[in-house]
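Working through the structure, step by step
Take a look at the letters that make up each chain.
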Protein chains: 2
Amino acid sequence: MKTRPVYLDHAAATPLDGAVFSAMRPYFSKQFANPSSIHAPGKEAAKALSEARKRVAGVLACNPDEIIFTSGGTESNNLALVGIAEAHNFKGHIITSAIEHASVLEVMEYFKTRGVSVTVVGVDEYGRVNPRDVKAAIRDDTFLVSIMYANNEIGTIQSIAKIGSAVQKQEILMHTDAVQAPGLLPLNVNKLHVGLMSFSSHKFYGPKGAGILYAKRGTQVMPQLRGGGQERGRRSSTENIPGIVGAATAFARAESHREKEASRLSKLRNWIIKEAIFRIPDALLTGHPRERLPNSASFCFPGVSGEHLVMRLSERGFDCSSGSACSEGALEPSHVLLACGLDKNAAKGSLRITLGASTTQAQLARFALVLQEEIKKLR
Amino acid sequence: MKTRPVYLDHAAATPLDGAVFSAMRPYFSKQFANPSSIHAPGKEAAKALSEARKRVAGVLACNPDEIIFTSGGTESNNLALVGIAEAHNFKGHIITSAIEHASVLEVMEYFKTRGVSVTVVGVDEYGRVNPRDVKAAIRDDTFLVSIMYANNEIGTIQSIAKIGSAVQKQEILMHTDAVQAPGLLPLNVNKLHVGLMSFSSHKFYGPKGAGILYAKRGTQVMPQLRGGGQERGRRSSTENIPGIVGAATAFARAESHREKEASRLSKLRNWIIKEAIFRIPDALLTGHPRERLPNSASFCFPGVSGEHLVMRLSERGFDCSSGSACSEGALEPSHVLLACGLDKNAAKGSLRITLGASTTQAQLARFALVLQEEIKKLR
């Protein structure tokens, strides 16, 4: 009998939670009306939308009208960055970090072609941004700072509250890509001192094709989808009610389990990090040793191809990643690992395992053995 | 016992088809991996994506690499228009019509602020664009023509093949918003002579939050979502596999039932048009008497508020619309009806009924009686 594969790639995608699916279910074929319609089923759909918005706002401790539902994390990041830059006529200065997700860095590349000045602050060997570097980079024409909450490849958590506080004191907008945070890190926007925050539903057991952008009241976000004027004119398109209900349900659920689950996962994570380094003594832990996502363990194994390792491990029934899902297949070494000071060869030997709701100690114990065997074979 | 409401608003939203839902179902919680991941479940997801793309291409008679999956009709229209205009550095001239959907017309308003010249061609009393008007509007710097296939409010079908042929002869790109067409009108891109074509999944019994853009090979569409480089760099974002599988399944299903269903619906539509005009003699049919969507009947009733009528009909168990879902609630009269030459007062008395898979003759017979009663009461 073939054992069911063990999924250790929760930073790339999570399965839709059963309870979340149940919450979405009525909105596919029964309560399917367009929430802009003025007939009774349309009004019912509008009510479901409004309730979903309130649930999300409850988690973030913000106002419901500060929530914009999008199609995912990439759209949330693009809308935050381009929407703000366009409100500034693409003039002025933005600060970001060297280890952001492609959906931030590619927008920064685009900004350069549009005339926006971009300062990219570096990180230390653990992938941490020094808040002083951000402060030092601020100019008179800086209108936006975008630093991710926690890194998707190496799990390193940034001091967002500290950076956000310094940035907002100067009346500059603070955005954080918090795609990896729900269910793992606190999300109160006031305590984090952020004005914009991005989320992707399928990273927290919600449906794919749904995202959230928090935008503080008074923030002028120019719409990037123009049309029927939905989402208070900030994002036109018929609202994806099943997706929105799913995202909101999953978001609230992730928050309600957060402390307990983060504690459970960080114990498992600590165990697998120790075990991997014990079994493969030249393994290098990437990212910060303590300030890291509770579910994330990432390594470089010298002399091993990360991609080959991922494929071998998958054949043995363990699904992990070598860096982020988005950049796999690209033969370039991870920009995150290079920014941490690793050389290209070392960076190519990277492996990321990200734990989740289904992860158990027994799975990780089997995984540690198989990892040791496969690395031995590949060397 | 309360009768189940009769839904006559299929142009605003359709219920997700049961067979489509079954096709989507495995991709929510079981085969949930990110298609960019290189492990086995990631490759399975990539395969599902590739098969969905082929199914859509089969319907349009195009190549799979000409299909871009989006989050809906609004995004498809925005990507087509802005993506092409940006490739032309927002310089030059675009032609469109006065009766386009807001997701086209609002982009045109934006273009004017960016320096693009826009010519809006008018329509006749039936909402038809004269192909000669389009030809006459072409300038040396015209790079795009965008005319909708069939109107969402009045159902009028345009001579897209004729317009597209004339436009493409001059090596100008032809876009058509075909959101209302699937399952009702033929979609072969070669016969229609279009280079860009937009669709929204929830208009053809597919899921909300999913759309399709056809973009002919060689067309430079600048991405409007930047990031991981999905959809061949034209639309970054983790692919919404359940949504994409659902959209493709629904698209192929709509096409396979098209001729039979279009014929069934047009008979029902002809019946309700005749019956309504018989019962309410001063009713005015809006849109074209013959060149109209098989499922669409639209009227103006002098001296009646369309919004009040829709609410009264909904209370009586018949869900219809007064214009498009997107513009309801807005107190302005429909730009489509005004473009057809109706005055503001007449336009405010509009009612649209759009038939669908669940519509029966018996429903329409009951509806005709109730419509007559309610109009009498409102007058």
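Conventions used here
- Residues numbered from 1 in each chain as written.
- Chains lettered and ligands numbered in written order.
- Predicted model: local features only at pLDDT ≥ 70, side-chain atom pairs only at ≥ 80, totals over all residues.
- Heavy atoms only, no water.
- Core = buried A, V, L, I, M, F, W, Y, C linked by side-chain atoms within 4.5 Å.
- Buried < 20%, exposed > 50% of the residue type's maximum accessible area, 1.4 Å probe, protein only.
- Contact = heavy atoms within 4.5 Å.
- Least-squares fit on C-alpha atoms with pLDDT ≥ 70 in both.
- Disulfide = S-S within 2.5 Å.
- Domains from an automatic or database assignment.
- Buried area = accessible area lost by both parts, 1.4 Å probe.
- Salt bridge = Lys/Arg side-chain N within 4 Å of Asp/Glu carboxyl O.
- Polar contact = N/O pair within 3.5 Å; in protein donor to acceptor, adjacent residues only side chain to side chain.
- Helix = DSSP H or I, 4+ residues; strand = E, 2+ residues; numbered from the N terminus.

Details of the nonpolar core
Taken as a class, soluble globular proteins show a tendency for nonpolar side chains to be buried jointly. Ranked by size, the top nonpolar core spans 184 residues in total, and within it Leu-60 and Met-197 of chain A together with Leu-60 and Met-197 of chain B carry the most contacts. Those residues in contact with Leu-60 of chain B that lie beyond four places of it in its chain are Ile-67, Leu-187, Asn-188, Val-189, Met-197, Phe-199, Tyr-214 and Phe-251 of chain B.

Looking at the relation of the copies chain A and chain B
Taken as rigid bodies, chain A and chain B are interconverted by a rotation of 180° and an axial shift of 0.0 Å, the fit giving an RMSD of 0.0 Å. What we have between these two chains is a two-fold relation. Interface residue correspondence from chain A to chain B reaches 100%, placing this contact among same-surface, isologous pairings.

Examining the state of the cysteines
Under the definition given, this model contains zero disulfides over all chains. Not part of a disulfide, Cys-340 of chain A finds its nearest cysteine sulfur in Cys-300 of chain A, a span of 9.3 Å. Just so you know, Cys-320 of chain B is unpaired, no disulfide at all, and the nearest cysteine sulfur is the one on Cys-300 of chain B, 14 Å from it.

Here's the deal with the domain arrangement of chain A
All names here are of chain A. Its domain assignment divides chain A into domain 1 (6-15 + 258-378) and domain 2 (18-256). Once you take the C-alpha centre of each, domain 1 and domain 2 turn out to be 27 Å apart. Facing the 33 residues of domain 1 at the interface are 33 residues of domain 2. Area buried by domain 1 at its contact with domain 2 is led by Thr-14, Arg-258 and Leu-293, which between them contribute 27% of it. Close ionic contact of Arg-258 with Glu-255 constitutes a salt bridge, the shortest N to O distance being 3.1 Å. The interface formed by domain 1 and domain 2 holds 16 residue pairs in polar contact (both at pLDDT 80 or more) in total. Elements with a contribution of two residues or more to the side of domain 1 that touches domain 2: α9 (241-279), β10 (296-300) and α11 (335-339). Looking at the side of domain 1 that touches domain 2 element by element, the count peaks at four residues for α11.

Quick notes on unusual backbone geometry
Located in the positive-phi region is Glu-231 of chain A, a residue other than glycine, with phi close to 50°. Relative to the helices and strands, Glu-231 of chain A is located in the loop between β8 (211-215) and α9. Relative accessible area serves as the criterion here: at 6%, Glu-231 of chain A is assigned to the buried category. Of note, the phi angle at Phe-90 of chain B is positive, near 55°, even though the residue is not glycine. By the element assignment, Phe-90 of chain B lies in the loop between α4 (73-87) and β3 (93-97). Since its relative accessible area comes to 7%, Phe-90 of chain B is described here as buried.

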